[in-house]
Amino acid sequence: MRAATDIRRSRSRHLARTNWLRSLNSFSFGARSESDNSHFGLLLVSNEDTVKPGTGFDTHPHRDMEIVTWVLEGALVHQDSTGHNGIIYPGLAQRMTAGSGILHSERNDSWTLTGDQEHADPVHFIQMWVLPDTAGVTPGYEQLDINAPLDQGGWVTLASGMSKHSGARAISIRQKHAALYVARLRPAETVQAAAAPFVHLFVARGSISLEGSGALTQGDAARITGSEGQRISAGADGAELLMWEMDTTLSFR
């Protein structure tokens, strides 16, 4: 069976805006329900958020979710009820396992931890959620700087629960059927999409040409079912890509 590719343009995403937040949502959730756009594979949430300085998401709960955050610009302060706190910056892979229940906050106020002068810079990041393969586990947190391998080119495994990545992934997630990769491609650099039942490819920066589908620019995504490892070529300004490889999908009844 040939691959089926569903291109979702940036402009098709739902825009949620407040006086401190600009959020572009790839999937429907919460109060906004779209039965035909609730998920792809195991991916439930893929939000592109921009948060003004001195503001952010105050303490709120999560349960039974693997939450991965990838910062594109600026610095995001994470604090949670397990005692973890720190600053997420570009190139730092970060995962939070909500498990049996966790409280956390995400704010653009790094000076509260560093003691530096307050800044006026927004923080721009992608947050992605997948369901775990086991419910009710102990909440947890993990992070790792992967800037060095990213600078070498090609795909870098950002987070994975797949057995094939044991010992070779940046951080782990509690989902054995999913892996997340990131690439910072130089102009004209090429990579291949994962060959997998479900692949979600997101253009975080720049532009690419996807074999069989043409040009994708910043904010565009490709939802590929039955991926055959299509060729991806970066545009004239390079590209930063996030790719989920998934062996199965969710079934909502």
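Residues numbered from 1 in each chain as written. Predicted model: local features only at pLDDT ≥ 70, side-chain atom pairs only at ≥ 80, totals over all residues. Heavy atoms only, no water.

In the annotation of an unreviewed UniProt entry, the entry for the chain reads Pirin family protein, and the organism field reads Streptomyces sp. 900116325.

The next thing to look at is the environment of Val130. Residue placement: Val130 occurs in strand 11 (residues 123–130). Residues Val130 and Gly41, 89 residues apart in the sequence, show an inter-C-alpha distance of 9.1 Å. (Helix = DSSP H or I, 4+ residues; strand = E, 2+ residues; numbered from the N terminus.)

For the rest of this paragraph, the subject is the sheet that holds strand 3 (residues 21–25). If you trace the seven strands from one edge of the open sheet to the other, you get 2-3-4-11-6-9-12, paired in antiparallel fashion. Of all the strands in the sheet, just strand 2 (14–17) and strand 12 (140–145) have a single pairing partner and so form its edges. Across the sheet, the mean angle from the axis of one strand to that of its neighbour is 20°, orientation sign disregarded. (Pairing = 2+ DSSP bridges. Axes fitted to C-alpha atoms, helices over the stretch in contact; angles between N-to-C directions.)

Counting buried positions along strand 7 (residues 76–80) gives four out of five residues, so the element sits mostly inside the fold. With four bridges joining them, strand 7 and strand 8 (residues 85–88) adopt antiparallel strand pairing. By the bridge assignment for strand 8, His78 is matched with Gly86. Hairpin geometry of strand 7 and strand 8 is characterised by an intervening segment of four residues between the two adjacent antiparallel strands and by a positive phi of about 100° at Gly83. (Buried < 20%, exposed > 50% of the residue type's maximum accessible area, 1.4 Å probe, protein only.)

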